[in-house]
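The primary structure of each chain is shown beneath.
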Amino acid sequence: MVALSVSSPSRIDRTGVARAAAVGGLILTAAVHIPVAAEHVGGPRYLLLGFDALVLVSAALAASLLVRVTRATLLAAVLTSVAAISAYVVSRSYGLPLEDDDIGDWANTLGVVAVLAEASVLVAAAHLLRRPT
């Protein structure tokens, strides 16, 4: 007779999962905005610079979180994601100065992917900020 051993399931490392979600969300945010930035090369300069800044800041925050999770980095990730989601909402509802082409385009594929990535950063950062340090 073969004896089967039943062990308790291993505990999920929620901190590791949240960290991976934050890093992945930031990387996806950066990646999605590269082609979006390219589309705005001939448009208003502030949009191109804003998209470029979002790509660079998101990538830098992802790299920073890979090395070490700090409260300052998490707060910067939250602010970056809130700013990006806010800009998406304003661009789709009221339009941005010198750019009203996106009004009503809520289902834009890259936009939806970006908002989901940024939302994942918010959820992950909220979890990581709640843990004791």
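Structure first, text after, so check above.
Worth saying up front: this structure is predicted, and the values here are computed from it rather than measured. (Residues numbered from 1 in each chain as written. Predicted model: local features only at pLDDT ≥ 70, side-chain atom pairs only at ≥ 80, totals over all residues. Heavy atoms only, no water.)

Student: Explain the overall build of the protein to me, please; I cannot follow it from the model alone.
Tutor: In terms of regular secondary structure, the protein is built from four helices and zero strands. For the protein, the succession of helices and strands along the chain, N to C, is α-α-α-α. Within the span of the protein, comprising 133 residues, buried residues form 32% of the whole. In the protein, of all internal contacts separated by at least 6 residues, the share reaching a separation of at least 24 is 66%. (Helix = DSSP H or I, 4+ residues; strand = E, 2+ residues; numbered from the N terminus. Buried < 20%, exposed > 50% of the residue type's maximum accessible area, 1.4 Å probe, protein only. Contact = heavy atoms within 4.5 Å.)

Student: What should I look at first to understand the packing of helix H3 (residues 71-93) against helix H4 (residues 109-130) in this one?
Tutor: H4 packs onto H3 with a crossing angle of 150° between their chain directions and a minimal axis gap of 9 Å. By the angle class used here, H3 and H4 are roughly antiparallel. As for the relative orientation of H3 and H4, their crossing is left-handed in sense. Residues Arg 71, Leu 74, Leu 75, Ala 77, Val 78, Ser 81, Val 82, Ala 84, Ile 85 and Tyr 88 of H3 lie in contact with H4, whose contacting residues are Gly 111, Val 112, Val 115, Glu 118, Ala 119, Val 121, Leu 122, Ala 125, Leu 128 and Leu 129. Here the residues of the contact of H3 with H4 sort into 16 nonpolar, two polar and two charged. (Axes fitted to C-alpha atoms, helices over the stretch in contact; angles between N-to-C directions. Parallel < 35°, antiparallel > 145°, perpendicular 65-115°, else oblique. Left-handed = near helix turned anticlockwise from the far one by under 90°. Nonpolar A, V, L, I, M, F, W, Y, C, P; charged D, E, K, R; others polar.)

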